[in-house]
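# An overview of the molecular structure
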Amino acid sequence: MIDRQVIITPLKIIKAGQVKHFQIKLPQTAKKIVGVELGGHFISELITTPTASEFTRFKANTLIGDLKLQSCERANIFYAGQLQVDNNLDFADFTKSAFIKIKPFTHQSKQFEDTISVDANSTIIQGIYKDAIGKQTGTDLSYLLKIYLWYKQ
Amino acid sequence: MLQPIKKRFDIQINAANSSVSKPFELDKNIKLIKGVLVTSDKDDLLYYRGTQKIEINNKEYFPENYESKLLMTGLNVAPNLRYYPLGDVLIGNGIIKLSYTDTDDSRTPFVPYRVALYVDCMMEDEL
């Protein structure tokens, strides 16, 4: 018996500062929402932020956008998260060299969802996503955002 | 008595923006699946371009469009902790179906690559 399932909602962002309202329909079998996870990929080229030469200097992460999820029941807004690029993966890592580049696909940790616990009586989850990276760079970057909503049945 | 065993199943991706679906059959003496993991000979392509669906015994555990990066782990994770835990899944008919989709991403140009699905299983001892 599988008790955990995930609903994937893709959102395509094409304009700087775009605000997108969306709904996620929960199946009738859903009893409880147990987690939220964010992901996505760039369709247009991402402007890479300059990285500091000193690897012990902490760099600001690149904010891609903000997401909020709202239940129609008592929980109301139950999730507020940010999609961002981690610019500190190589922070103080002494294995880094001219030959060994530290990338997310070589050094990322295990990926797990943000744990939440909200009843799934609300059949519809309302969501709002606000683009930030397009606004910062002043360009219309297009990317596909994916929202993973884990629920128990 | 059950003992842990790891299985590996490969698929080859030869064209950009293509989907490859393949069923794999587990040995009859495997009783449980504890976790899964995906890797590739071109990690960057799998990380940025890959999504997959994984079904075990005709039940969907990861739906279509589930990004491969969420099932990958890097060198920072201890080798014995790298599998994504699924609990104790009974294997039923013993068929694992992997449906992999490659999608263009501006950060990684396409070259043919291999996707490997690793499965952490529990096997019954030989009688």
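The structure under discussion appears in the preceding block.
The following paragraphs examine the structure supplied in this document. (Residues numbered from 1 in each chain as written. Chains lettered and ligands numbered in written order. Predicted model: local features only at pLDDT ≥ 70, side-chain atom pairs only at ≥ 80, totals over all residues. Heavy atoms only, no water.)

## Concerning the overall build of chain B
The cut-off we apply is this: Per the convention used, a helix needs a DSSP run of H or I reaching at least four residues, while a strand needs a run of E reaching at least two, with both numbered from the N terminus. Here's how the labels work: a residue is buried when its accessible area is under 20% of the maximum for its type, exposed when over 50%, partly exposed in between, all with a 1.4 Å probe on protein chains only. In what follows, residue pairs with any heavy atoms lying within 4.5 Å of each other are defined as contacts.
When its secondary structure is counted, chain B shows one helix and eight strands. In chain B, the order of α-helices and β-strands from amino to carboxyl end is β-β-β-α-β-β-β-β-β. Viewed in the frame of its principal axes, chain B has a C-alpha envelope of about 50 × 30 × 20 Å. Looking at chain B as a whole, 48% of its 127 residues are labelled buried. Considering only contacts in chain B between residues 6 or more positions apart, those separated by 24 or more positions represent 79%.

## A few points about the pattern of salt bridges
Residue and element names in this part refer to chain B. To be explicit about the condition: Definition used for salt bridges: Asp or Glu carboxyl oxygen within 4 Å of a side-chain nitrogen of Lys or Arg.
For the structure on display, the rule yields 13 salt bridges over all chains. Lysine 34 serves as the salt-bridge partner of aspartate 88, at 2.7 Å between the closest nitrogen and oxygen. Of this pair, aspartate 88 sits in strand 6 (residues 84-90) while lysine 34 sits in strand 3 (residues 30-40); the two residues are 54 residues apart in sequence, bridging distant segments of the chain. Between arginine 49 and aspartate 102 there is a salt bridge, with the nearest N and O atoms lying 2.8 Å from each other.

## Focus on the sheet that holds strand 8 (residues 143-152) of chain A
Residues and elements named next belong to chain A. Inclusion rule: Strands were regarded as paired on the criterion that DSSP finds at least two bridges between them. For helices, the axis comes from a line fit to the C-alpha atoms of the stretch in contact; other axes are also lines fit to C-alpha atoms, and the angle between any two N-to-C directions lies between 0 and 180 degrees.
Spatially, the four strands line up as an open sheet ordered 1-8-3-6, and their pairing is antiparallel. Every interior strand has two partners, whereas the edge strands, strand 1 (4-13) and strand 6 (114-119), have only one. Sheet twist, expressed as the mean angle between neighbouring strand axes with direction ignored, is 30°.

## Re the interface of chain B and chain A
Buried accessible area, meaning the area lost when the parts come together, often serves as the stated size of an interface. Applied cut-off: Classes in brief: Ala, Val, Leu, Ile, Met, Phe, Trp, Tyr, Cys and Pro nonpolar; Asp, Glu, Lys and Arg charged; the others, Gly included, polar.
On the side of chain A, 28 residues touch chain B, which itself brings 32 residues to the contact. Our count for the chain B to chain A interface comes out at zero salt bridges. Of the residues assigned to the side of chain B that touches chain A, the class counts are 14 nonpolar, seven polar and eleven charged.

## Quick notes on the sheet that holds strand 6 of chain B
Through backbone hydrogen bonds, the strands of a sheet pair up, either in parallel or in antiparallel fashion. Residues and elements named next belong to chain B. Strand order in the open sheet made by the four strands is 1-8-3-6, with antiparallel pairing throughout. Sheet topology places strand 1 (2-13) and strand 6 at the edges, where each strand pairs with a single neighbour. Neighbouring strand axes in the sheet, compared pairwise and without regard to direction, differ in orientation by 25° on average. Here four bridges tie strand 3 to strand 6, and the two strands are oriented antiparallel to one another. Residue pairing across strands places glycine 35 opposite proline 85, the latter belonging to strand 6.

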